[in-house]
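The lines below spell out each chain.
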Protein chains: 2
Amino acid sequence: YKKYQQSLMTYGRLPAVTRDGSRSVRISANIELVDEIDIAYSHGAEGIGLFRTEYLFLGRPDLPSEEEQFQAYRHVLEHHAPKPVTIRTLDIGGDKIAVSLDTPHETNPALGFRAIRLCLSRTDLFKTQLRAIYRAAVYGNCKLLIPMISCLPELFATKKLLETVKEELRSEGLSYGNDVKLGILVEVPSAVAIADLLAKEVDFFSIGTNDLIQYALAIDRVNEHVNYLYDTLHPAILRLIRQIVSAGQAGGIHVAMCGEMAGDPVNTPILLGLGLDELSMNALAIPLVKKLIRSISMDECRELTWQAFQMSDAREIHGFLESWIRKRFPKDYFIDQNQ
Amino acid sequence: YKKYQQSLMTYGRLPAVTRDGSRSVRISANIELVDEIDIAYSHGAEGIGLFRTEYLFLGRPDLPSEEEQFQAYRHVLEHHAPKPVTIRTLDIGGDKIAVSLDTPHETNPALGFRAIRLCLSRTDLFKTQLRAIYRAAVYGNCKLLIPMISCLPELFATKKLLETVKEELRSEGLSYGNDVKLGILVEVPSAVAIADLLAKEVDFFSIGTNDLIQYALAIDRVNEHVNYLYDTLHPAILRLIRQIVSAGQAGGIHVAMCGEMAGDPVNTPILLGLGLDELSMNALAIPLVKKLIRSISMDECRELTWQAFQMSDAREIHGFLESWIRKRFPKDYFIDQNQ
Ligand SMILES: [Mg+2]
Ligand SMILES: [Mg+2]
């Protein structure tokens, strides 16, 4: 088994190009702590597709200073340069509560005061984070990702704040990154419905499947009474992803996916077939996903995707994709399931 | 003012046909209690578009018997016959808790164990309600409406249960309604995404805008910190409604709307323009909505709808529709706002 693991790791170092050479996908890692950058690197991440910044705010009585944040972001950016690091701005609220923030008690926190909603009403702390990110951006290839955008006015308010922050840094004589790409997490269903309008206003999309599925199906996936309905391969979810990718392509922007869905090898062929440009996942999943991509052709992916779109039941789709991969990669898939 | 009110009431008794005679819309009432049927009738409701049955289950220690439910449903059906009465099956859970049901405590009840999810796992009480509805259907024009459908398997499970119930009634020699139309509330975003598939399986759709907006925008509208984002005329919501109506029309089924959005006169022209077949609302809103419909032409509605779809900001759309109606109906709209 060790031997297999080693041979898999060699795939980590190779680019994720389909067998026919027609399509190359960026495979990056999600990280939650600065320490995880080494694992990301050793497993072949071609950048960080999702750097969650909540850890800086949780489990402490005070807020992290601009300097502390600057050092953390700079460290990750430098470590990966010139590979891109996508920093998600604070996604607190919902199930993650920072004691320093004195957030309200809510009946439905998942539908409440969280992420960009909180940041736009607490511009003091949001500006501190944005200043730290822009200053750190000088030291690497930085991309900025805004969570939970549900409408255009929220995005415009955010962009306005970004300009203010840059102006302030300029007037203070501090250097900051000039070419930070701006993206949004597409994870609220309304953002999918207006993805064509949003695509005109940003440099990239990242599909946050965990929340998107939760909201699209109206299912709290940690609720044991209903999580049997939470389904990654629900035909509605596949259609929403297709809609987001189409809007991104029509707008000429990069479309990534950073939810858990992106790291499950069963989904790899259909995600390629759907046209995603980047898959960001738990670093441990990278070698196998790269191996799969290097072993299949885009024709196969498109054919599989077309077939899955003829089905109307999530379990049928899952069974179809799983049996395909089991047949095509009997050894890998078997081993992976028993890790 | 009384005179105006009286003149408005005469509109209640007239059909809701556009001025040009090209389009007729069914205007019906939402009711929550049996007592409300008189108000519905006196205000010109052409049926009950949403009969909420939760009141039979709330505020009491026990469950209502089949007989008690049968009498309640029969009373409403008889009172309105031959006009249709759409009975929504139990939509408990979420913010409505029945002590008799011992429902679990949930972190996000709106994304939890509610409505059809609860009914399909508590088939004892669901079957009791369905038996009562089918038996009562003999006495009027009964339509059956299932809340919170999010996927096809849920709908298939429901249809199977309906067959079982009818078979049981048949074998017991009890008479039941044979031509009860089956519909679903389209209120979960995933149902919108697969509306074309769902339309093949039911006789009608009813758009539940309150929940649909809540889930599509990921906003709990009773949460004071975020309800500023809850927006009926968000371009995403208008697009979702258009998608539902198109799928319904393509499937040849009736499409109603029963959320609060349906009863606001500001929305009347655009809802006609979008092609809805029925608007179900608070009975008090019926006379004015009928008057508006009788005074405008479908060309006007389509033109307004087209213009609204060019806008990307909910506030802009709201301002546009409101100023249109204010200009077109200065007296009515002014009085309505000051009631
Ligand atoms: Mg998220
Ligand atoms: Mg509802």
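Coordinates for the structure precede this section.
Residues numbered from 1 in each chain as written. Chains lettered and ligands numbered in written order. Predicted model: local features only at pLDDT ≥ 70, side-chain atom pairs only at ≥ 80, totals over all residues. Heavy atoms only, no water.

> So what exactly am I meant to see when it comes to the overall build of chain A here?
Along its length, chain A carries 15 helices and eight strands. Against the 2.2 N^0.38 benchmark of 20 Å for 339 residues, chain A shows a C-alpha radius of gyration of 20 Å, consistent with a compact globule. Summarising its shape, the C-alpha atoms of chain A cover approximately 60 × 40 × 40 Å along the three principal directions. Summarising the internal contacts of chain A: among those between residues at least 6 apart in sequence, 70% fall at separations of at least 24. In the structure as shown, chain A presents an accessible area of about 13300 Å², 50% of it carried by carbon and sulfur atoms. (Helix = DSSP H or I, 4+ residues; strand = E, 2+ residues; numbered from the N terminus. Rg over C-alpha atoms; globule rule 2.2 N^0.38 Å. Contact = heavy atoms within 4.5 Å. Areas by Shrake-Rupley, 256 points an atom, 1.4 Å probe, with all protein chains shown as cover.)

> Looking at this model, I keep getting lost on the interface of chain B and chain A. Mind explaining?
Interface size is commonly expressed as the accessible surface area that is lost when the partners come together. Contacts between the two partners involve 43 residues from chain B and, on the opposite side, 43 residues from chain A. Together, the buried faces of chain B and chain A total about 3500 Å²; carbon and sulfur atoms form 62% of this surface. A per-residue breakdown of the area chain B buries against chain A is headed by Leu111, Ala218 and Arg239 of chain B, which together make up 17% of the total. Our count for the contact surface shared by chain B and chain A stands at two salt bridges. For arginine 239 of chain B, the salt bridge is made with aspartate 196 of chain A, and the minimal N-O distance between the two is 2.7 Å. Between chain B and chain A we count 20 residue pairs in polar contact (both at pLDDT 80 or more) in total. Tallied by class, residues from the side of chain B that touches chain A come to 25 nonpolar, 10 polar and eight charged. (Buried area = accessible area lost by both parts, 1.4 Å probe. Salt bridge = Lys/Arg side-chain N within 4 Å of Asp/Glu carboxyl O. Polar contact = N/O pair within 3.5 Å; in protein donor to acceptor, adjacent residues only side chain to side chain. Nonpolar A, V, L, I, M, F, W, Y, C, P; charged D, E, K, R; others polar.)

> Honestly, the sheet that holds strand β1 (residues 26-31) of chain B in this entry has me stumped. Any pointers?
Sheet strands associate in pairs through backbone hydrogen bonding, adopting either a parallel or an antiparallel arrangement. Residue and element names in this part refer to chain B. A barrel is described by the order of its strands in space; here eight strands give the closed sequence β1-β2-β3-β4-β5-β6-β7-β8, paired in parallel fashion. Pairs of neighbouring strands in the sheet enclose a mean axial angle of 25°, with direction left out of account. Pairing geometry for strand β3 (residues 84-88) and strand β4 (residues 141-146), over five bridges, is parallel. In the sheet register, valine 85 faces β4, and the bridge partner there is cysteine 142. (Pairing = 2+ DSSP bridges. Axes fitted to C-alpha atoms, helices over the stretch in contact; angles between N-to-C directions.)

> Help me out: how do you make sense of the coordination of the magnesium ion (ligand 1) in this one?
By definition of the ideal shapes, four donors in a tetrahedron about a metal sit 109.5 degrees apart, and six donors in an octahedron sit 90 or 180 degrees apart. Residues and elements named next belong to chain A. Surrounding the magnesium ion (ligand 1) are the protein donor atoms Glu187 (OE) and Asp211 (OD), which sit 2.1 Å from the metal. Taken as a pair, glutamate 187 in the loop between β5 (181-186) and α7 (189-193) and aspartate 211 in helix α9 (residues 209-217) lie far apart in primary sequence, 24 residues in all. Each member of the pair, glutamate 187 as well as aspartate 211, carries the same accessibility label: buried. (Donors = N, O, S within 2.8 Å, 3.2 Å for Na, K, Ca; no water. Buried < 20%, exposed > 50% of the residue type's maximum accessible area, 1.4 Å probe, protein only.)

> Got a minute to help me understand the relation of the copies chain B and chain A in this structure?
Note: a rotation about an axis with an accompanying shift along it relates these two copies of the chain. Aligned on chain A, chain B shows an RMSD of 0.0 Å; the corresponding rotation is 180° and the shift along the axis is 0.0 Å. In symmetry terms, the pair is related by a two-fold rotation axis. In terms of proximity to the rotation axis, the leading residue of chain B is asparagine 108 of chain B, whose C-alpha is 2.2 Å off the axis. Comparing interface residues between copies, 100% of those in chain B also sit at the interface in chain A, which points to an isologous, same-surface contact. (Least-squares fit on C-alpha atoms with pLDDT ≥ 70 in both.)

> Please clarify how the side chain of arginine 88 of chain A should be interpreted in this entry.
Residues and elements named next belong to chain A. Examined against the element boundaries, arginine 88 turns out to sit in strand β3 (residues 84-88). Judged by relative accessible area, arginine 88 falls into the buried class, the value being 6%. Only 2.9 Å separates the side chain of arginine 88 from the side chain of glutamate 54, close enough to count as a polar contact. Among residues more than four places away in sequence, those in contact with arginine 88 are Leu50, Phe51, Arg52, Thr53, Glu54, Lys96, Gln129, Leu145, Pro147 and Leu185.

> What am I meant to see in unusual backbone geometry here?
Residue and element names in this part refer to chain A. For the bond from alanine 81 to proline 82, the omega torsion is 5°, close enough to zero to count as cis. Mapping proline 82 onto the fold places it in the loop between α3 (66-80) and β3. Positive phi outside glycine occurs at methionine 148, with the angle close to 65°. Assignment of secondary structure puts methionine 148 in the loop between β4 (141-146) and α6 (152-171). Of note, the phi angle at alanine 218 is positive, near 55°, even though the residue is not glycine. Locating alanine 218 in the fold gives a position in the loop between α9 and α10 (235-250).

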